[in-house]
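Given next are the chains, with one letter for each unit.
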Amino acid sequence: MEQDLAVVGVAVPRLGLAEKVRGQARYTADLKRPGMLYGRVLRSPHAHARIVHLDTAEAERVPGVHAVLTHQDVPQRRIDADLLPLEPLLRFVGDEVALVAAESEVIAEDALRLIRVEYEVLPAVFDAEEGLQPGAPSVHPQGNLVGGKTLVVERGSVAQGFAEAAQVFEETFHTQMHAPVGMETRAALAEWDGDRLTVWKTSRAVHASDRQTLARVLGLPLEQVRVICPNMGGGFGNKDEGRLAVLVALLARKAGRPVRIEYSRAEEFVAGRNRQEAHMRLKIGIQPDGTPTAIDLHATMNAGAFVASGMNVTRRVGQGALYLYTCPNARFEGMTVYTNRPAGGSFRGLGAPLGHFALEVLMDQIAAALGVDPLDYRLQHHVTSAGQPGQRRTPPDQVLPDEPVEGGVPFSSNGMRECLLAGAERIGWRRRRQPNGAGTGMLRRGLGLAMGIYKGGTGREGEAEVRITPDGRVQVAVGGVDVGQGSTTILAQIAAEALGVPIDRINVVMADTGRTPPAHVTAGSSTTITTGAAVKLAAEDAKRQLLALVDGLPQAFDPEVAPVRREDIVGTARVTSGSNAYLTNAFAAHFAEVEVDIRNGRIRVLRYVAAHDSGRIVHPRLAENQVSGGVLQFLGITLREELYLDKHRGVTLNANFLEHKSTSIVDFPPIEVLFPAGPDPVGPYGAKALGEPPVVPVLAAVANAVANATGVWLRDVPFTPQRVLQAIHEHGKGVR
Amino acid sequence: MDHTPSTVAMNFGPQRTQLHLEVNGQSRPVDVEPRTTLLDVLREQLDLTGAKRACDRGECGACTVLVDDQPMYACHLLALQVRMRKIVTIEGLAEREDFRRLLEAFVTNDAGQCGFCTPGFVVAAYAALRRFPEADAQQLRWELVGHICRCNAYENIVAAVSDAGRRR
C-alpha cells in the first residue's frame, strides 16, 4: 500500500511553534477579561475530616473581596460518580474547602486565611491494602474497593495453563505515586453573559468532559455553555477533570464578574491528578522450552480520594500480560482502592508501563533461568501478526471493542520483530552484551531490553469538518485538543494530503465547543488514528463536492482557481476508528545501556535506543520528539521521581519540581529513535498510535540493563541509589 | 472606611506604591505592593505574558527575562528591586534583528512541544549566545540547566541553540 504522498511523512514546521518562541502564544492563565477577578482555593489541612463549622464573614469583609464560595453555595449535583463540586466531607490534604474571588491574587490569599473552619478530624487510610481491610476508614460510603469488585479479564484458563506448566515463576513488583505536572498548572477563566457561560480552561476534553459537566451540574442547556482550551502547556493524559470548571463558573456567578483561577505549582502537584501507586503480583508458567502456558497478573491500585479515570488506568495494567506474548491462557485482576491520598488519574500510558514493568522483568528472569539470550527469548515468544490463540467472541460484523481479551483476532500490522532486530542492531546487542552479572569492579555496565504493546486510538468516535472558503482557504475543525503533542500539525498534514493543497492553505481550529464538532477526550493516543481518519474523510467529502461543481473542468482540483460559488463548501465526516477484522496496536522495543556504581548505587544511563512500530510516521521530526520526550520523561520516573506522603497525616512532602526531582537537560543521553516498520492497513495513511507507546517499556528496559550489569533485578520503582545498594547487598553481588 | 478590627488586622505591611519600570525600552507606570513580584507585574499589569508562571519559586526558568542583559527568574525578583534597571522580556527580544536566528533554529529543530517553557529557554539562550558566542553544545547545555521542560524536548533545544550559535 505504498502511496505517493506529498505532505504526510514530510517534516513541515510545527504549526504554532514560532508564536510560542516569540512569547505570543496565549495559554489559559495568560487571558484576561474586563473586570476579571482572581480566584484562590482554600484546601483541607486534614486527610479526612468533616467541616463542623465554617465562618466566612471576616474574609468577605476584606477590601477587594467579591465572593466567597463554600459547600453551602453549590448545587449538590455530581461531577463524577464520587465527586461533588464542594462538600463538607474532605478526603485528602488539599481537598477543596472554599474559594475566594478578589481583585488580586494576594488579596484572595489574604482572605483565605480569614476563613474560619472548625474540622472534626476523622481516621484516615493511605495504603491500598489497609484500605481493603475490614474496619478500615471508609473514604466513600460505597466502600473502598472502587465499583465494589475486582476487575477480572481472562483468556483461556490460567488454572489449566499452570497445570500444564513445567515451571512456574512468581514475583511481586511495586511502582510509586508520581505526578505528571506539565509546565503549565491548571487554570480556568469563567465569564457569564446573562445565563450564557464561557469557560477557558486547561483541558483535554472541552466537549466530552467540561462542557457536559458544566451543563449538567449548573443546570444549563448545553448550547449555553462554551468551553475553550487555548494553547495547552502539557497534557500527558492529565487535565481532564471537570471540578475546576464548575467551581470557577460558580464563583464567577456569585461574584458577578469574570473570575480566573490559576493553580500554584504546589496545588498542581497535590490537587492535580497523579499516577496511582501499584502493587503487582505476577505468575508465569512455561513449558520446558520456555513457551508460556499461563500468565497471571494481579494489581492493587491506590486510587487516592477520587477515582477519576482510574478504572481505565487499572484496566491498562493488564495490557502487556494479556497481549505481549503468545499465550493461550492469560488473566488480569485489578483492584482499584480509595484511600485518603491525593487523587490519581490518567497519566501517559495509564497502567500499561506498570504492568509491562512486571511482565518484562519476570520474562527476563525466565530467559536467564533457561540460559537463553533475552533477545532470542522475545524473538521466539512475542505475539505475532496472528494475534493470540483462541476463539473470537466479538461477532464478526462488529468493530472490535476497546481492549478485547479474546484470541482468534489478528493484528492489522505487527512490527515487533522489526523493532527488536533494528534496536538490537543499533545498540550492538550481539557484539557487546555480556552474561548477567559478569562484570567486576566498581562501575558495572549492562545492556537490557524490554518490549511494549499499546492499543491506541481505535474504538473511538471521531468527527471533523473541513471547510473550503471561496478564497481557497481551508479550515479544519475538530473538537480535540492539541495538548502539546502537535496534533494541529498532523491534522493539517492529513487535510492537505487529502485535498492536494499546500499545507500553508490549511488552518486548524481545535478545542472550542463553539466552533468545532463534538469530540471524545484527547486520550489513549487516539488523535491521529481517530480524528485523523475523520479529517481525511471530511476532506475527501469536501473535495468531492468541489469537483462536482467544477465537473468537466480539466484535472486537478485547485481551490484557488475554482472560486465557483460564494458559499463555503463544507465536508463532514464521522468515523468509529478501528476495524471488524483486526486489532490495531502499536509496538515497541527499547534497549538501554547503563552503568551502575556499586559503591553508591547510582545508575547512569549511557545509551538508549527506542524502536517503534507506529505505522506510517506522519511527521518524522514531531514523532522523534514525541518518542524521545516520552522516554526521557519515564527515565526520570524510573530513577527518581516520586511523590512522597507523610504516612501519618497524608501531607504531600515534595510538591515542587526540585524535590520531585524533575529531569533536567543534563541528566540523560540523547535518545536514539528508530521507526523500522511500515504503514498499517487500517489507520489513516497507515498511521498508528504514537503518543503513549514510548513510555511503556522504559521501566523494564532499565531494570533489565541493571540486572545485566549487577545480576540483580530491581522490583521497586524508582530505582534510587538506596534501593540499588540494598538489592546488590541482599543478593551478595557487591564488591568482589 | 470601615475600621472594624478585622480590616485593621488586614493591613499587611506597607501600602501600594506607584513606580515606573523600564520594560522593553519603554518606561511603564505600575502600581505595586512591596510583595509583588516582577513576574506578576509583567503578566498582570503590562500584559506581557510570554514569561510564564510555572513554579513561582525559582526552580524552572519559565519566567526568565533579561535584567540589565542578565537572564533572571522574574518570579524571584520583587518589582521594587528592579527600578532603574533595564528589563527585556521575550516580547522585547522578539523585536530584535538578532533574534531571528534563534526563532529559525527553534522552528527548524522542533525545539518545543507544548511551548510553555519555550520563551524562558529562548531568553536564556539569547543571553548565553551573546556571552559565549563560541560555546559548544555541551557548554550551552549547562547554560540552560536552570530550565525545566516536562515534555523533555531537551535534545532539540540543545540542537536549536547550537544551530543558532552557528548562524551568527
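Everything numeric here is computed off the predicted structure, so don't read it as measured data.

Moving on to the overall build of chain A. Of the regular secondary structure elements, chain A holds 19 helices and 23 strands. Over its C-alpha trace chain A gives a radius of gyration of 26 Å, about what one expects of a compact globule, namely 27 Å for 736 residues. Every one of the 736 residues in chain A was classed for burial, and the buried ones make up 62%. Considering only contacts in chain A between residues 6 or more positions apart, those separated by 24 or more positions represent 82%.

On to the pairing of strand 18 (residues 474-478) of chain A, then. Residue and element names in this part refer to chain A. Counting buried residues along strand 18, four of its five residues qualify, which places the element largely inside the surrounding structure. Pairing geometry for strand 17 (residues 461-468) and strand 18, over four bridges, is antiparallel. Of the residues in strand 18, the one forming a bridge with Val466 is Val476. The antiparallel hairpin formed by strand 17 and strand 18 contains five residues in its connecting segment, where Gly472 sits at a positive phi of about 85°. In the sheet, strand 18 pairs with strand 19 (residues 506-510) via five bridges, with the strands oriented parallel.

With that out of the way, let us pick up the interface of chain B and chain A. Counting from both sides, the interface comprises 49 residues of chain B and, opposite them, 50 residues of chain A. Within the residue set of the side of chain B that touches chain A, elements represented by two or more residues are helix 1 (5-9), helix 3 (90-93), helix 4 (100-108), helix 5 (118-131), helix 6 (137-143) and helix 7 (154-166) of chain B. The element best represented in the side of chain B that touches chain A is helix 7 of chain B, accounting for four residues. When the residues that make up the side of chain B that touches chain A are grouped by side-chain class, the tally is 24 nonpolar, 13 polar and 12 charged.

All names here are of chain A. Judged by pairing direction, the sheet is mixed, and its four strands sit side by side in the order 19-18-17-20 without closing on themselves. Since the sheet does not close on itself, it has two edges, and those belong to strand 19 and strand 20 (569-576), each with one partner. Mean inter-strand twist for the sheet, computed between neighbouring axes without regard to direction, equals 20°. Running over the sheet, helix 15 (residues 487-499) touches strand 17, strand 18 and strand 19 and is turned about 135° from strand 19. Helix 16 (residues 527-549) rests against strand 17, strand 18 and strand 20 of the sheet, and its axis sits at about 145° to strand 20.

This next bit is on the sheet that holds strand 5 (residues 86-88) of chain B. One key point about sheets: their strands pair by backbone hydrogen bonds, in either a parallel or an antiparallel sense. Residues and elements named next belong to chain B. Sheet architecture is open: five strands sit in the order 2-1-5-3-4, paired in mixed fashion. Strands at the two margins of the open sheet, each flanked by one partner only, are strand 2 (26-32) and strand 4 (70-73). Looking at each pair of strands side by side, their axes are set apart by 45° on average, direction ignored. Where strand 3 (residues 64-67) and strand 4 come together, four bridges link them in antiparallel fashion. Looking at strand 4, one finds that Val67 is bridged to Gln70.

Residue and element names in this part refer to chain B. Examined at the domain level, chain B breaks down into domain 1 (15-89) and domain 2 (97-166). For domain 1 and domain 2, the distance between their C-alpha centres works out to 22 Å. In this assembly, 14 residues from domain 1 lie in contact with 10 residues from domain 2. Going through the elements one at a time, strand 3 and strand 4 are the ones with two or more residues in the side of domain 1 that touches domain 2. The element best represented in the side of domain 1 that touches domain 2 is strand 3, accounting for three residues. Residue classes in the side of domain 1 that touches domain 2 are distributed as eight nonpolar, four polar and two charged.

One widely used convention gives an interface's size as the accessible area the parts lose upon coming together. Residue and element names in this part refer to chain A. By the assigned domains, chain A splits into domain 1 (17-25 + 460-576), domain 2 (32-122 + 190-234 + 239-264) and domain 3 (277-391 + 398-457 + 581-730). A straight line from the C-alpha centre of domain 1 to that of domain 2 covers 35 Å. If you look at the interface, domain 1 gives 16 residues, while domain 2 gives 17 residues. Across the side of domain 1 that touches domain 2, the residue classes tally to eight nonpolar, six polar and two charged.

For helix 7 of chain B, which comprises 13 residues, the first-to-last C-alpha distance of 19 Å matches the rise-based estimate of 18 Å (1.5 Å per residue) to within 8%. Of all 13 residues that make up helix 7 of chain B, 11 are buried, and the element is covered over most of its length. Among the residues making up helix 7 of chain B, those that are buried are Tyr154, Glu155, Asn156, Ile157, Val158, Ala159, Ala160, Val161, Ser162, Ala164 and Gly165 of chain B. Check the buried side of helix 7 of chain B and you find it contacts helix 17 (620-639) of chain A together with helix 4, helix 5 and helix 6 of chain B.

Below, the discussion takes up the environment of Phe126 of chain A. Residues and elements named next belong to chain A. Locating Phe126 in the fold gives a position in the loop between strand 6 (116-121) and helix 4 (128-131). Take Phe126: there are 22 C-beta atoms within 10 Å of it, and that puts it in the buried class. Separated by 108 residues in the primary sequence, Phe126 and Ala18 have C-alpha atoms spaced 45 Å apart. When residues no more than four places from it in sequence are discounted, the contact partners of Phe126 are Thr339, Asn340, Arg341, Leu645, Lys647 and Gly650.

Here the focus is the packing of helix 5 of chain B against helix 7 of chain B. All names here are of chain B. Here helix 5 crosses helix 7 at 40°, and the two axes come no closer than 10 Å. The handedness of the crossing between helix 5 and helix 7 is right-handed. For the pair helix 5 and helix 7, the contacting residues are Phe121, Ala125 and Leu129 in the first and Ile157, Val161, Ala164 and Gly165 in the second. Among the residues forming the contact of helix 5 with helix 7, the class breakdown is six nonpolar, one polar and no charged.

Note the cis peptide between Val717 of chain A and Pro718 of chain A, where omega equals 0°. With respect to the helices and strands, Pro718 of chain A occurs in the loop between helix 18 (698-710) and helix 19 (721-730). The phi torsion at Asp56 of chain B lies on the positive side, around 65°, for a residue other than glycine. Topologically, Asp56 of chain B is positioned in the loop between helix 2 (38-45) and strand 3. Located in the positive-phi region is Met84 of chain B, a residue other than glycine, with phi close to 65°. Within the element layout of this structure, Met84 of chain B appears in the loop between strand 4 and strand 5. The class for Met84 of chain B is exposed, based on 9 C-beta atoms found within 10 Å.

A word on the nonpolar core. Counting 295 residues, the largest nonpolar core has Val248, Val476 and Ala495 of chain A as the members making the most contacts within it. Setting aside its immediate chain neighbours within four residues, Ala495 of chain A contacts Val466, Val474, Val476, Ile506, Val535 and Ala539 of chain A.

Scoring rules and cut-offs
Counting from 1, residues in each chain are numbered in the order their sequence is written. Throughout, the order in which chains and ligands are written sets their labels, letters from A for the former and numbers from 1 for the latter. This being a predicted model, a pLDDT of at least 70 is required before a residue's local features are given, and a value of 80 or more before pairs of side-chain atoms are given or counted; all residues contribute to the totals for chains, interfaces and linings. Strands are runs of DSSP state E lasting at least 2 residues, helices are runs of H or I lasting at least 4, and numbering of each runs from the N terminus. All radius of gyration figures rest on C-alpha atoms, and the globule criterion is 2.2 Å times the number of residues raised to 0.38. To sort residues by exposure, count the other C-beta atoms lying within 10 Å of each residue's C-beta; 20 or more gives buried, 12 or fewer gives exposed, and values between give partly exposed, all with C-beta atoms placed from the backbone. We call two residues in contact whenever the C-beta atoms placed from their backbones are within 7 Å. Pairing between strands is defined by DSSP: at least two bridges between the two strands are required. Side-chain classes follow a simple rule in which Ala, Val, Leu, Ile, Met, Phe, Trp, Tyr, Cys and Pro form the nonpolar group, Asp, Glu, Lys and Arg form the charged group, and the remainder, Gly included, forms the polar group. Inter-axis angles, ranging from 0 to 180 degrees, are taken between N-to-C directions of lines fitted to C-alpha atoms, where helices are fitted over the stretch in contact. Per the annotation, domain bounds derive from an automatic or database assignment of domains. Between the first and last residue of a helix there are one fewer steps than residues, each counted as 1.5 Å, and that sum is the expected span. Handedness of a crossing follows from how the near helix is turned relative to the far one, being left-handed for an anticlockwise turn of less than a right angle and right-handed for a clockwise one. Only buried Ala, Val, Leu, Ile, Met, Phe, Trp, Tyr and Cys residues enter a nonpolar core, and they are joined through C-beta atoms within 7 Å.

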